[in-house]
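Now for the letters of each chain:
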Amino acid sequence: MLIDNAIISITKVNLSSDIKLANVHISIFTSNNTDPSEILDRIIKEKKEIKYKMGLLLNAKYVPELKFHLDTSMKSYDEINNLLKK
């Protein structure tokens, strides 16, 4: 997905045992100084539309409630990698 010149990737999804809740972890890489949390807020605002489109694509009894979380593991990896290079 591309929003405001940002690359957005789903890195992990934890689905509850009853399939009614999905915790979606996403990574956001921006080419400008856009704060990833601003883009996350936009995604959260579009949650209803995303869930609707999932319902059209999935052949399932339920479409889970979506909770989006910012995955910062790649940023942490880059910081550690930069420290090790010094």
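Per-chain numbering applies: the sequence of each chain, read as written, is numbered from 1 onward. Local features are withheld for residues below a pLDDT of 70 in this predicted model, meaning they are given only at 70 or higher, and side-chain atom pairs are given and counted only at 80 or more; totals for whole chains, interfaces and linings count all residues. Note that the side-chain values use all heavy atoms of the structure and ignore hydrogens as well as water.

**Q** Even after reading the chapter, I still don't get the pattern of salt bridges, so can you show me in this structure?
**A** Pairing is possible between side chains of opposite charge, provided their charged atoms come close. The salt bridge definition used is simple: a Lys or Arg side-chain nitrogen within 4 Å of an Asp or Glu carboxyl oxygen. Scanning the model with the defined rule gives three salt bridges in all. Two residues, Glu65 and Lys47, come together in a salt bridge whose shortest N-O distance is 3.5 Å. Of this pair, Glu65 sits in strand E4 (residues 65-70) while Lys47 sits in helix H2 (residues 47-57), and the two are 18 residues apart along the sequence. You can call Glu65 partly exposed: its relative accessible area is 33%. Here a strand is any run of E in DSSP of at least two residues, a helix any run of H or I of at least four, and the numbering for each starts at the N terminus. Whether a residue is buried, partly exposed or exposed follows from its accessible area with a 1.4 Å probe, protein chains only, as a fraction of its type maximum: under 20%, in between, or over 50%, in that order.

**Q** It is not clear to me how the nonpolar core should be interpreted in this structure. Could you clarify?
**A** Most often, soluble globular proteins keep nonpolar side chains buried together rather than apart. Within the largest apolar cluster, eleven residues are counted, these being Ala6, Ile8, Ala22, Val24, Ile26, Ile28, Ile39, Leu40, Ile43, Leu66 and Phe68. A per-element tally of this core places strand E3 (residues 21-30) first, with four residues. Note on terminology: a nonpolar core comprises buried Ala, Val, Leu, Ile, Met, Phe, Trp, Tyr and Cys residues joined through side-chain atoms within 4.5 Å.

**Q** Would you take a moment to explain unusual backbone geometry for this structure?
**A** The residue Ile19 is not glycine, and still its phi comes out positive at about 60 degrees. Along the chain, the position of Ile19 falls in the loop between strand E2 (6-15) and E3.

**Q** I'm lost on the pairing of E3 in this one. Help?
**A** Along any regular strand the residues' side chains alternate between the sheet's two faces. Between any two strands, at least two bridges found by DSSP are needed for them to pair. Relative to E3, E2 runs antiparallel, the two being bridged by nine bridges. Across the sheet, residue Lys12 finds its bridge partner in E3, namely His25. The antiparallel hairpin formed by E2 and E3 contains five residues in its connecting segment, where Ile19 sits at a positive phi of about 60 degrees. Two strands pair when backbone bridges link them, and E3 and E4 are joined in this way by six bridges, in the parallel orientation. Within E4, the residue paired with Val24 across the bridge is Phe68.

**Q** Just to check I follow, could you spell out the side chain of Ser27 for this structure?
**A** One can find Ser27 in strand E3. The contact partners of Ser27, leaving out residues within four places of it in the chain, are Ile7, Ile8, Ser9, Thr11 and Asp71. Residue contacts are defined here by distance: any two heavy atoms, one from each residue, within 4.5 Å place the two residues in contact.

**Q** How do you make sense of the side chain of Asp71 when you look at a structure like this?
**A** If you trace the backbone, Asp71 turns up in the loop between E4 and helix H3 (73-85). Within the buried core, Asp71 has no salt-bridge partner, and the shortest N-O distance to an opposite charge, that of Lys12, equals 7.8 Å. For this analysis, a polar contact is any N or O atom pair within 3.5 Å, provided that within protein one partner can donate a hydrogen and the other can accept it, and provided that sequence-adjacent residues contribute only side-chain to side-chain pairs. There is a polar contact of 2.6 Å between the side chain of Asp71 and the side chain of Thr11. Lys and Arg are tallied as positive, Asp and Glu as negative. Neither His nor the chain termini are counted.

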